[in-house]
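# Chains, contacts and geometry: an overview
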Amino acid sequence: MSSADIERIRRERQRWEAGVDKKTHEDFQTVSGIPVDILYTPAEIEGFDYLAKLGFPGEYPFTRGVRKNMYRGRLWTMRQFSGFGTAADTNRRYKFLLEHGETGLSVAFDFPTLYGRDSDDPLSRGEVGKCGVAISSLADMEVLFDGIPLGEISTSMTINGPAAVIWAFYIAAAEKQGVPSEKLRGTIQNDILKEYIAQKSWLFPPEPSMRVITDIMAFAAKKVPKWNTISISGYHIREAGSTAAQELAFTLKDGFTYVEAGIKAGLDVDTFAPRLSFFFNSHLDFFEEIAKFRAARRIWAREMRHTYKAKKPESWLLRFHTQTAGCTLTAQQPENNIVRTAFQALAAVLGGTQSLHTNSMDETWALPTEKAVLIALRTQQLIACETGVINVIDPLGGSYYVEALTDKLEEQAYEYFRKIDALGGMVKAIEHGYPQREIAEAAYRYQKAVEEGRRTVVGVNKYVIEGERLEIPILKIDERVEKEQHERLAELRRRRDNSRVKRTLADLRAACAGKDNVMEPILEAARAYATLGEICGAMKDVFGTYQEPPMF
Amino acid sequence: MTKKKLRILIAKPGLDGHDRGAKVVARALRDAGFEVIYTGLHQTPEMIAEAAIQEDVDVVGLSILSGAHMTIFPEVMRLLKEKGGGDILVIGGGIIPKEDMEALENMGCGRLFGPGTPTQEIVDYLREKFPDRA
């Protein structure tokens, strides 16, 4: 479009705007607070260079998607984050979901496991199996995947501090099934930077944590080549209250920090970058979310190619999993959450996600019941099979609004990159509490807006049902779980070869203190049925622990 | 005579790292004029009771989203009593099913606030409970 054409559109717009009610014109914003205009035209994206900004799907800069055929070739993986009670309880839930058309597994661990503690650790009291499954050793992992062929399914595991250990349990469980590590497909979250920023389940201080991560990347490149070694996660940053731009910026900056760590550890960027994947939130503001996913792909491709000099196109492309936003669900009128989730899931699909978790309506009350999780899974199947949105790649590409918003989010992300660089990089920024403070500020702003009625939450501050009664069933975790786990662990410690456990843990301590890759000795300890707490304890002996200063 | 300010300890017990709610509530209570102390993450019931006594607070607010509430609330209340802080009001919030809320309130716990509660409701509740405090 020529500049004369753009000028004409601007003039015509002025004429048109004269007739628009001023009140409908001001103070409209995205959920993150980006002011938005009432209408977008070619004038708002003047000078738009199609080939440079969008190009074609499966090609640099991947704005339109990471695959040439996108969903015509293969649908996204329908992967429900799931885990509760004992390994046997969760194994039954996995089989239920797979029977109903789920196409990948995603393990939710309980808090003790997330912190590298055994079910019988004193700090685990009251938490065993409560908001995830309790996995204390290889023996539990064997039960978790009993009857599920690990050579065929891909498994994502939300595990960070003790990621290396849980991954070793998985590799060893696969060995027991006769599946070599080369065939395994899946993801460990293993994103420790966002733990310090938002999710807060860390084990060691940042530096040794980064060393374990580069060891994992090196081990995977040799022995588990199809595994995604880090799922760089914005999800928890967003859940903690960030804006879309903060989620985008902090997540990508974490990603670049891992890339720099890998390069610094002497790895060739093209050996590990293709195995990095991402995990984003899909929040309430439909177009803002779609723009965020598109901007993420474009920024990652540019920086990987030009700043980090990756040569393989696989190193440039940003593949991501999406989860709908748990923090947007309401305890009031919980059935409405089905609809919220459906909109958020649709945004993820229009944004080109590779895999998706849809939340269940009852999750502000407890972990989901079978019925609730089935509706959540059906929501994805409805989008895939009935709406027709999978037919055309990036169908919102070229929308004046979506392109302008994509550019805007990209610009805001780069502003944050500059601020973080000025603080000395992401690790330093985290130590200063910078991203944590930015997120807490945004969370408080949002809460204020809801309480002052500037933002509507249906069923909470508008359209409230007085004296509402909860009409959906709630899942209860039996207190027997903790007792059962204690008994299983006591039995395990009695039956295993304890001298072998001791030897492998000593080898692990030595590797931690020296320069050898820690994955081999962790795997040996896992095979010897050393427990999660014992293995993490051995690592803490060398690496130390971490506490963050409290602030609000 | 000026009224003495109400002192509140906001605590995150157990391993649960979800601190968005605790921080928002701490800040809203501070903005309402109360004196607020935040423990930070990963506190044991012993640490919380100890801090409550040392800081001489009137109220302890526990934030639990991990499902461990039926273990942690009674334990904090027991320890407070044991250490001579039996008059400290224990309130809380998080992912807590209604029947558990009722059970805890029957055990002597103060009000428990679920998701979607306006922070003003917590402020109003505390003012009503402590009319002679600022």
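Residues numbered from 1 in each chain as written. Chains lettered and ligands numbered in written order. Predicted model: local features only at pLDDT ≥ 70, side-chain atom pairs only at ≥ 80, totals over all residues.

Counting its secondary structure elements, chain B contains five helices and five strands. Ordered by position in the sequence, the α and β elements of chain B form the string β-α-β-α-β-α-β-α-β-α. Since a compact globule built from 134 residues should have a radius of gyration of about 14 Å, the 14 Å found for chain B is in line with a globular shape. Dimensions of chain B, computed from the C-alpha atoms along their principal axes, are close to 45 × 35 × 30 Å. Here chain B, with 134 residues, has 52% of them falling under the buried criterion. At a minimum sequence separation of 6, the contacts of chain B that also span at least 24 residues come to 74%. (Helix = DSSP H or I, 4+ residues; strand = E, 2+ residues; numbered from the N terminus. Rg over C-alpha atoms; globule rule 2.2 N^0.38 Å. Buried ≥ 20, exposed ≤ 12 C-beta atoms within 10 Å, placed from the backbone. Contact = placed C-beta atoms within 7 Å.)

Counting 185 residues, the largest nonpolar core has Phe169(A), Ile522(A) and Val60(B) as the members making the most contacts within it. The element contributing the most residues to this core is helix α7 (residues 163–176) of chain A, with twelve residues. Apart from residues no more than four positions distant in its own chain, Ile522(A) is found in contact with Ala164(A), Val165(A), Ala168(A), Leu508(A) and Ile535(A). Counting five residues, the second largest nonpolar core, distinct from the first, contains Met361(A), Ala372(A), Val373(A) and Ile375(A). (Core = buried A, V, L, I, M, F, W, Y, C linked by C-beta atoms within 7 Å.)

Residue and element names in this part refer to chain A. Tracing the backbone through its elements, the reader meets Ala413 in helix α17 (residues 400–422). Taking the C-alpha atoms as reference points, Ala413 and His306, 107 residues apart in sequence, are found 17 Å from one another. With sequence-adjacent residues up to four places away left out, Ala413 is seen in contact with Ala245, Leu248, Ala249, Leu252, Ala295 and Ile299.

Taken together, the contacts link 28 residues of chain B with 32 residues of chain A. Counting residues per element, the ones that place at least two in the side of chain B that touches chain A are α1 (20–31), α3 (69–82) and α5 (119–129) of chain B. Of the residues forming the side of chain B that touches chain A, the biggest block, five residues, is contributed by α1(B). Residue classes in the side of chain B that touches chain A are distributed as eleven nonpolar, eleven polar and six charged. (Nonpolar A, V, L, I, M, F, W, Y, C, P; charged D, E, K, R; others polar.)

Attention now goes to the sheet that holds strand β3 (residues 59–64) of chain B. Residues and elements named next belong to chain B. Taking strand neighbours across the sheet as the criterion, the five strands line up as β2-β1-β3-β4-β5 in an open arrangement whose pairing is parallel. The sheet is open, and its two borders are formed by β2 (35–38) and β5 (112–113), each paired with just one other strand. Note that strand β1 (residues 7–11) and β3 share four bridges and pair parallel. Counted as the bridge partner of Ile8 is Val59 from β3. (Pairing = 2+ DSSP bridges.)

All names here are of chain A. Relative to each other, helix α21 (residues 498–513) and helix α23 (residues 532–543) sit at 35°, their axes nearing to 9 Å. Our pair here, α21 against α23, has a crossing hand that is right-handed. Of α23, the residues touching α21 (which contributes Leu505, Leu508, Arg509, Cys512 and Ala513) are Glu534, Ile535, Ala538, Met539, Asp541, Val542 and Phe543. Residue composition of the contact of α21 with α23, by class: nine nonpolar, no polar and three charged. (Axes fitted to C-alpha atoms, helices over the stretch in contact; angles between N-to-C directions. Left-handed = near helix turned anticlockwise from the far one by under 90°.)

Before going further, it helps to examine unusual backbone geometry. All names here are of chain A. Of note, the amide linkage connecting Tyr60 to Pro61 takes the cis form, showing an omega dihedral of 0°. In this structure, Pro61 sits in the loop between α2 (50–53) and α3 (70–73). The backbone phi angle of Lys309 is positive, close to 55°, even though this residue is not glycine. The topology assignment puts Lys309 in the loop between α13 (286–307) and α14 (313–316). The class for Lys309 is exposed, based on 11 C-beta atoms found within 10 Å.

On to the sheet that holds strand β1 (residues 77–82) of chain A, then. Residues and elements named next belong to chain A. If you walk across this open sheet you meet the nine strands as β5-β4-β3-β2-β1-β9-β8-β7-β6, and the pairing is parallel. The sheet terminates laterally at β5 (227–228) and β6 (230–233), the two strands that pair on one side only. Of the pairings in the sheet, the one linking strand β4 (residues 185–188) to β5 comprises two bridges and is parallel in character. Paired with Thr187 across the two strands is Asn228, which belongs to β5.

Predicted confidence across chain B gives a mean pLDDT of 94, with 99% of residues reaching 70 or more. Prediction confidence for the complex, expressed as pTM and ipTM, is 0.93 and 0.86 respectively. (pLDDT = per-residue confidence, 0-100.)

Residues and elements named next belong to chain A. Its location among the elements puts Leu54 in the loop between α2 and α3. Taking the C-beta count within 10 Å as the criterion, Leu54 has 21 such neighbours and is therefore assigned buried. Through-space distance from the C-alpha of Leu54 to that of Thr187 is 28 Å; in sequence the pair is 133 residues apart. Non-local contacts of Leu54, meaning those with residues more than four positions away in its chain, are made with Thr63, Arg64 and Gly397.

Attention now moves to the pairing of β3(B). Residues and elements named next belong to chain B. Within β3, six of the six residues are buried, which leaves it mostly tucked inside the rest of the structure. Burial along β3 is two-sided: Val59, Gly61 and Ser63 facing one way and Val60, Leu62 and Ile64 facing the other are all buried. Where β3 lies against strand β4 (residues 89–94), six bridges are found, and the strand directions are parallel. Bridging across to β4, Val59 finds its partner in Leu89. Remark: the β3/α3/β4 crossover connection has right-handed handedness. (Right-handed = clockwise from strand over helix to strand, strands pointing away.)

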